[in-house]
Amino acid sequence: MFRKLIYGVLFLSAAFGFAQEEDRQKKLQEQKEKIQEEIRQKEKLLGEQKKKEKSVTVVLVHKKEQIGLQQKLINTTERQKKVLKNSMYINQIKVNHLKKDLEVLKEDYAEMIMKSYKTRSEQSKAMFLLSSENFLQAYKRFQYMKQYSVFRKAQGEEIKTKTQELEQYNQKLDKQKKEKEQLIAESEKEKQELVKQKQEQEKILYSIKKDKKKIIAEIKKKQAESRAIERQIDRLIREAIAAANKKAGNTTNTTTFVLTPEAKVLANDFKANKGRLPWPVEKGALTKRFGRQPHPLEPSIMIESSGIEISSERGAQARAVFNGEVSDVQQAANGTATVVIRHGDYITTYSNLGSVNVSKGQKVSTKQTLGTIFYNNFTGKAVLKFLIFQNTTKLNPQSWIINM
């Protein structure tokens, strides 16, 4: 009895674990397909840049991003292999359990058949009934014979069911073994591709060493442009706070929003969705992270990023990550636009837009299109600059956006 209880606990644990592993495997496959799509986009952009014979630094940026994605793909494949290994282990436990059950069932059934064989004749059954001392005993013996027959049939059906279940799990294991072999082959291919990409990167790095001063000058120019946009965004945030507080009758506080009951609800909803907000673009790759970091082309230069940058394809649309109200739309010195959306005392900004299709004061909903991201023909990129604030405090968008 105790042994059966242990097997039962193992079975339930295995079944629950298997469901979880299948779900994880599915999610990993979805992530992998997304990364593979990003790699295809990078390869396309890289090919376009080489054909245009543009700046070698632009080609190097694309190559670095491609290498990062390739490494990410390898890591995802390794996680898939680990999840599959766990799933195979769980299935093997189930197979072992079913085999043990079948052994016990078959032994019991064989013993039952043997007893039935010894008393198989109708005469034996009749004598068993007629030898009863009274009617009640005869009735009980009759019921026993009837239940025995039903039980024997049930045992046979259970053996049949367990045998079919065992076959199904064996088939599942065979399929998983093939999947494992395929993942190993894919992993090896991905690692070889990574080696190839790094070799190409080394060639590009060697070719730009002669123009290091020029590259550093280009980097500093881009940094200055980025700082100018961020200063404009900081100004817009302060102006939005001042305007909202003035409307609410409070003119003394210029660093935090004075919230109405409705705005408090919206802010709490926004906060509750931390880590689950959608990407501000439908498709894209994270190409600049939040915070202080070395420049991807020149590690000796440190850059400070108040938000993140997501590279996408020509015609890509920026979209709101949450319900809110457009508090401002501003043009930058380079001709691109920034949309500022308020979510209670939280603010999200979407910069480097080539065109905008929302206006100040307009209510927007989650995933609503805000405008088209500017496409740079020289770099072959449509890059969205995305920031999140709580009042005037800059937050890390990577902590708020799902799967980032």
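Residues numbered from 1 in each chain as written. Predicted model: local features only at pLDDT ≥ 70, side-chain atom pairs only at ≥ 80, totals over all residues. Heavy atoms only, no water.

Trainee: Can you lay out the overall build of the protein chain for me, pointing to particular residues and giving the numbers?
Mentor: Within the protein chain, the regular secondary structure consists of 6 helices and 13 strands. Out of the 404 residues in the protein chain, the part that is buried amounts to 38%. Nonlocal contacts in the protein chain, meaning residues at least 24 apart in sequence, comprise 72% of its contacts between residues at least 6 apart. Here the protein chain displays about 24,200 Å² of accessible surface, and carbon together with sulfur accounts for 53% of that area. (Helix = DSSP H or I, 4+ residues; strand = E, 2+ residues; numbered from the N terminus. Buried < 20%, exposed > 50% of the residue type's maximum accessible area, 1.4 Å probe, protein only. Contact = heavy atoms within 4.5 Å. Areas by Shrake-Rupley, 256 points an atom, 1.4 Å probe, with all protein chains shown as cover.)

Trainee: Could you give me a rundown of the packing of aromatic side chains, with the residues and numbers involved?
Mentor: Inspection of every chain in the model, using the stated rule, returns 5 aromatic pairs. With 5.4 Å between their ring centres and 90 degrees between their planes, Phe 270 and Phe 322 make a pair best called edge-to-face. Placement of the pair is Phe 270 in helix α6 (residues 261-272) and Phe 322 in the loop between β5 (317-319) and β6 (324-331), with a sequence separation of 52 residues. Joined through ring pairs, the aromatic side chains of Phe 270, Phe 322, Tyr 346 and Trp 400 make up one cluster. (Phe/Tyr/Trp six-rings, centres within 6.5 Å; stacked < 30°, edge-to-face > 60°.)

Trainee: Account for the pattern of salt bridges, with residues named and values stated.
Mentor: Tallied over the full model, the rule gives 6 salt bridges. Among the salt bridges present, the one from Glu 309 reaches Lys 288, with a minimum N-O distance of 3.4 Å. On the criterion of sequence distance, the pair formed by Glu 309 in strand β4 (residues 308-312) and Lys 288 in strand β1 (residues 285-288) is long-range, its members being 21 residues apart. Several salt bridges converge on common partners, so that one network encompasses Lys 288, Glu 309 and Lys 385. (Salt bridge = Lys/Arg side-chain N within 4 Å of Asp/Glu carboxyl O.)

Trainee: Residue-level account of the nonpolar core, with values.
Mentor: By size, the foremost hydrophobic cluster in this structure holds 31 residues, and its most contacted members are Ile 341, Tyr 350, Leu 370, Ile 373, Leu 384 and Phe 386. Of all elements in the fold, only α6, β4, β7 (337-343), β8 (346-356), β10 (369-373) and β12 (381-390) reach the threshold of two or more residues within this core. With 4 residues, β12 is the single largest residue contributor to this core. In contact with Leu 384, not counting residues within four places along its chain, are Pro 280, Val 281, Ile 308, Glu 309, Ile 310, Ala 318, Tyr 350, Ser 351, Leu 353 and Ile 373. Core analysis: the second largest hydrophobic core is formed by 12 residues, Ile 229, Phe 257, Ile 347 and Phe 389 among them. (Core = buried A, V, L, I, M, F, W, Y, C linked by side-chain atoms within 4.5 Å.)

Trainee: So what about a positive patch on the surface? Which residues, and what values?
Mentor: There is a patch of like positive charges on the surface, built from Lys 34, Lys 72, Arg 79 and Arg 289. Overall, the relative accessible area of 39% leaves Arg 79 in the partly exposed class. (Patch = residues over 30% accessible without salt bridge, like charges linked within 9 Å, V, L, I, M, F, W, Y side chains within 5 Å. Lys, Arg positive; Asp, Glu negative; His and termini not counted. Charge placed at Lys NZ, Arg CZ, Asp CG, Glu CD.)

Trainee: Outline the environment of Leu 28, supporting the account with residue identities and numerical values.
Mentor: Assignment of secondary structure puts Leu 28 in helix α1 (residues 2-52). Residues contacting Leu 28, with those up to four places away along its chain left out, are Thr 76, Arg 79, Gln 80 and Val 83.

Trainee: Provide a residue-level description of the side chain of Ser 311, including the pertinent values.
Mentor: Position of Ser 311 relative to the elements: it lies in strand β4. Among the polar contacts made by the side chain of Ser 311, one reaches the side chain of Thr 287 at a distance of 3.0 Å. (Polar contact = N/O pair within 3.5 Å; in protein donor to acceptor, adjacent residues only side chain to side chain.)

Trainee: Could you give an account of the pairing of β4, naming the residues involved and the relevant values?
Mentor: On a regular strand, one side chain projects to one face of the sheet and the next to the other, so that they alternate. For β4, a buried count of 5 out of 5 residues is recorded, marking the element as mostly surrounded by other parts of the structure. Residues Ile 308, Ile 310 and Ser 312 of β4 are buried on one face, and the alternating residues Glu 309 and Ser 311, pointing to the opposite face, are buried as well. Sheet analysis places β1 next to β4, joined by 3 bridges and oriented antiparallel. Bridged to Leu 286 within β4 is Ile 310. (Pairing = 2+ DSSP bridges.)

Trainee: Give a detailed account of the side chain of Asn 245, specifying residues and quantitative values.
Mentor: Assignment of secondary structure puts Asn 245 in helix α5 (residues 212-247). Among the polar contacts listed, one links the side chain of Asn 245 to the backbone nitrogen of Val 258, at a separation of 2.8 Å.

Trainee: Please give an account of α6 that cites residues and values.
Mentor: Under the 1.5 Å per step criterion, the end-to-end length of α6 is 17 Å for 12 residues, consistent within 8% with the ideal 16 Å. Residues Ala 263, Ala 267 and Phe 270 constitute the buried set of α6. Mapping the buried residues of α6 onto a view down its axis gives an arc of 60 degrees, with all of them on the same face. Every exposed residue of α6 that faces more than 90 degrees away from the buried side is listed here: Pro 261, Glu 262 and Asn 268. The inward-facing, buried residues of α6 abut β7, β8 and β12. (Expected span 1.5 Å × (residues − 1). Arc of directions from axis to C-beta.)

Trainee: Hey, could you go over the confidence of the model for the protein chain for me, with residue numbers and the actual values?
Mentor: Within the protein chain, residue pLDDT values average 77, and 68% of them lie at 70 or more. pLDDT under 50 marks residues 49-54. Its contacts with residues more than four places away, or in other chains, come to 14 contacts. (pLDDT = per-residue confidence, 0-100.)

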